[in-house]
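What follows is each chain in one-letter form.
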Amino acid sequence: MKPSIFITRKIPEIAVQMLREQCEVEMWDKEDIPVPVEILREKVKTVDGLYCMLSDSINKEMMEEAQNLKVISNLAVGYNNIDIQAASEKGIMVTNTPGVLNEATADLTFSLLMATARRIPEASDFVRNGEWKSWSPMLLTGQDVFGATIGIIGMGRIGEAVARRAKGFNMNILYHNRSRKEQAEKELGATYVSLEELLAKSDFVVLLAPFTEETKNLIAKKELEQMKETSILINVARGGMVNESDLYDALVQKKIWAAGLDVFEQEPVPLDHPLLTLPNVVVLPHIGSASIKTRITMSEVAASNMLQALNGQVPSDLVNTNILTR
Ligand code: DGY
């Protein structure tokens, strides 16, 4: 009998085909509505493999009810939506999609950085709303990117890809990370600094670290106060790393200049969220890796991890490697 799989969202057909060749596949294929949690829970009870999204919360209770679940393949590099400890305790493999999204995510990070620095969405609305009356010397002036100082918090593979772009813009590159990255220092001229120094010296503070207990609320009132008044905060990691109400206060009180946010504590961000009222906040709907090619590749990688696990192999992108020694 073929193993059974539940896919929680419509994914590229090529990945569905890969899975159908070896498995019984069921897919929640309503593009705009996530699978209701009750349905997800029911499916998790019986399937062998769960192919899920970062927007699906896979918690301990759900896993405890799972009778056959061997693998959870997450279509993302981040996996904070899954209770990894609970998965390991149940012997369930968890996989992610690292590597293949580095460049697309770095492109988006840089786009957001530049859009925020040069007020692109605000300027575009200005034209469309008929407010453009004449050329004016100080009209919609922004911050320089070329030659500025960028502070990257989380110098992993995406951080390095952002740093390579920053190098092309002749930026001074500072970084803060759990461990030193000597290769990045040599190749990219990046300088390791403490978090305090990074916040105090950077024109752009870019969050790219994984979301963990340690990085939860990493940027709150105290950290925002350490930043320059002309600085810009860019978050493309996870919303929970920034205290949004402190960020709102800092922006209103002009403690920092602007923010570019691809991620929020609650997604989708509620329409009445105070941050959405500020013109100096550029917002995106969590599209870091959303290029056509990258999303297709990610879906294939997630399918391949799933198949490896179901075929008794160690998946290439196993997250909870500790289960191998159990
Ligand atoms: C990830 O993969 O974790 C990103 O947030 C999605 O692009």
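Quantities reported herein were computed from a predicted structural model and do not represent experimental measurements.

Undergrad: It is not clear to me how the nonpolar core should be interpreted in this structure. Could you clarify?
TA: Nonpolar side chains in soluble globular proteins tend to end up buried together. Of all hydrophobic cores here, the largest spans 54 residues; its most connected members are Ile-7, Ile-11, Leu-19, Tyr-51, Ile-150, Ile-152 and Phe-204. With 7 residues, helix H12 (residues 292-310) is the single largest residue contributor to this core. Residue-level mapping places this core at the junction of two domains, with at least three residues from each of domain 1 (4-98 + 292-325) and domain 2 (102-283). Filtering out sequence-adjacent residues up to four positions away, Ile-7 remains in contact with Leu-19, Val-25, Glu-26, Met-27, Trp-28, Tyr-51 and Met-53. Core analysis: the second largest hydrophobic core is formed by 27 residues, Ile-256, Leu-261, Leu-275 and Leu-278 among them.

Undergrad: Would you mind going over unusual backbone geometry with me for this structure?
TA: Backbone phi values are negative for most residues with the exception of glycine, while trans is the configuration of most peptide bonds. The amide bond that connects Glu-267 to the next residue, Pro-268, takes the cis arrangement and shows omega of -5°. Secondary-structure assignment places Pro-268 in the loop between strand E11 (258-261) and strand E12 (281-283). For Leu-140, which is not glycine, the phi dihedral falls at a positive 50°. By the secondary structure assignment, Leu-140 is in the loop between helix H6 (120-128) and strand E6 (149-153). With a phi angle near 55°, Asn-170 is a residue other than glycine that sits in the positive phi range.

Undergrad: Help me understand the layout of surface pockets, please; the structure alone is not making it clear to me.
TA: Left-over empty space is what a probe sized like a water molecule reveals as it rolls over the atoms. Size it by volume and the second largest pocket reaches roughly 380 Å³. Lining the second largest pocket we find 19 residues, and of these Glu-122, Leu-278, Pro-279, Asn-280 and Val-281 sit closest to its centre. Of the residues contributing to the lining of the second largest pocket, the split by class is 12 nonpolar, 2 polar and 5 charged.

Undergrad: What is the right way to read the site of the ligand from this model?
TA: By nearness alone, every residue bordering the ligand is listed as Leu-54, Ala-76, Val-77, Gly-78, Leu-101, Arg-238, His-286, Ser-289 and Arg-295. Interatomic distance of 2.7 Å between a backbone N/O atom of Val-77 and an oxygen atom of the ligand.

Undergrad: What's the story with the sheet that holds strand E3 (residues 49-52) in this structure? I'm lost.
TA: Strand pairing in a sheet is mediated by backbone hydrogen bonds. Such pairs are either parallel or antiparallel. Ordered by their spatial adjacency, 5 strands build an open sheet running E2-E1-E3-E4-E5, and the pairing between neighbours is parallel. The sheet is open, and its two edges are formed by strand E2 (24-27) and strand E5 (93-95), each paired on a single side. Taken over all neighbouring pairs, the strand axes of this sheet differ in orientation by 15° on average, direction set aside. Taken strand by strand, helix H2 (residues 37-46) contacts strand E1 (4-7), E2 and E3, and its axis lies near 160° from that of E1.

Undergrad: Would you mind showing me how to read the UniProt feature "domain: D-isomer specific 2-hydroxyacid dehydrogenase catalytic" (unreviewed entry) in the chain here?
TA: Per the UniProt record, the feature "domain: D-isomer specific 2-hydroxyacid dehydrogenase catalytic" (unreviewed entry) sits at residues 5-320. Note that residues 5-320 is 36% helix and 14% strand, and that its end C-alpha atoms are spaced 20 Å apart.

Undergrad: Looking at this structure, how should I read the packing of helix H1 (residues 13-20) against H12?
TA: When two helices pack together, you describe them by how their axes are tilted relative to each other and by the distance separating the axes. Taken N-terminus to C-terminus, the directions of H1 and H12 make an angle of 15°; their axes are 8 Å apart at the nearest point. It follows that H1 is roughly parallel to H12 by the angle criterion. Both H1 and H12 take part in a crossing whose hand is right-handed. For the pair H1 and H12, contact is made by Ile-14, Ala-15, Met-18 and Leu-19 and by Ile-296, Ser-299, Glu-300, Ala-303, Ser-304, Met-306 and Leu-307, respectively. In terms of residue class, the contact of H1 with H12 is built from 8 nonpolar, 2 polar and 1 charged.

Undergrad: Whenever I open this one, H12 confuses me. Can you help?
TA: Residues separated by three or four positions in an α-helix point in the same direction, a consequence of the helix having 3.6 residues per turn. In this model H12 runs 27 Å from its N-terminal to its C-terminal C-alpha over 19 residues, within 8% of the 27 Å that 1.5 Å per residue would give. Those residues of H12 that sit buried are Thr-294, Met-298, Ser-299, Val-301, Ala-302, Ala-303, Asn-305, Met-306, Leu-307, Gln-308, Ala-309 and Leu-310. Lining the buried residues of H12 we find E1, H1, E3, strand E4 (71-74), E5 and helix H5 (102-117). Once H12 finishes, Gly-312 follows within two positions and takes phi at roughly 80°, a positive value.

Parameters and conventions
Residues numbered from 1 in each chain as written. Predicted model: local features only at pLDDT ≥ 70, side-chain atom pairs only at ≥ 80, totals over all residues. Heavy atoms only, no water. Core = buried A, V, L, I, M, F, W, Y, C linked by side-chain atoms within 4.5 Å. Buried < 20%, exposed > 50% of the residue type's maximum accessible area, 1.4 Å probe, protein only. Helix = DSSP H or I, 4+ residues; strand = E, 2+ residues; numbered from the N terminus. Domains from an automatic or database assignment. Contact = heavy atoms within 4.5 Å. 1 Å grid on protein atoms, 1.4 Å probe; cavity = no way out; pocket = protein on both sides within 12 Å on 5 of 7 lines; lining within 4 Å. Points joined across faces, edges and corners; volume = space filled by probe spheres on them. Nonpolar A, V, L, I, M, F, W, Y, C, P; charged D, E, K, R; others polar. Near = heavy atom within 4 Å. Polar contact = N/O pair within 3.5 Å; in protein donor to acceptor, adjacent residues only side chain to side chain. Pairing = 2+ DSSP bridges. Axes fitted to C-alpha atoms, helices over the stretch in contact; angles between N-to-C directions. UniProt positions renumbered as here; feature names shortened; annotations may be inferred. Parallel < 35°, antiparallel > 145°, perpendicular 65-115°, else oblique. Left-handed = near helix turned anticlockwise from the far one by under 90°. Expected span 1.5 Å × (residues − 1).

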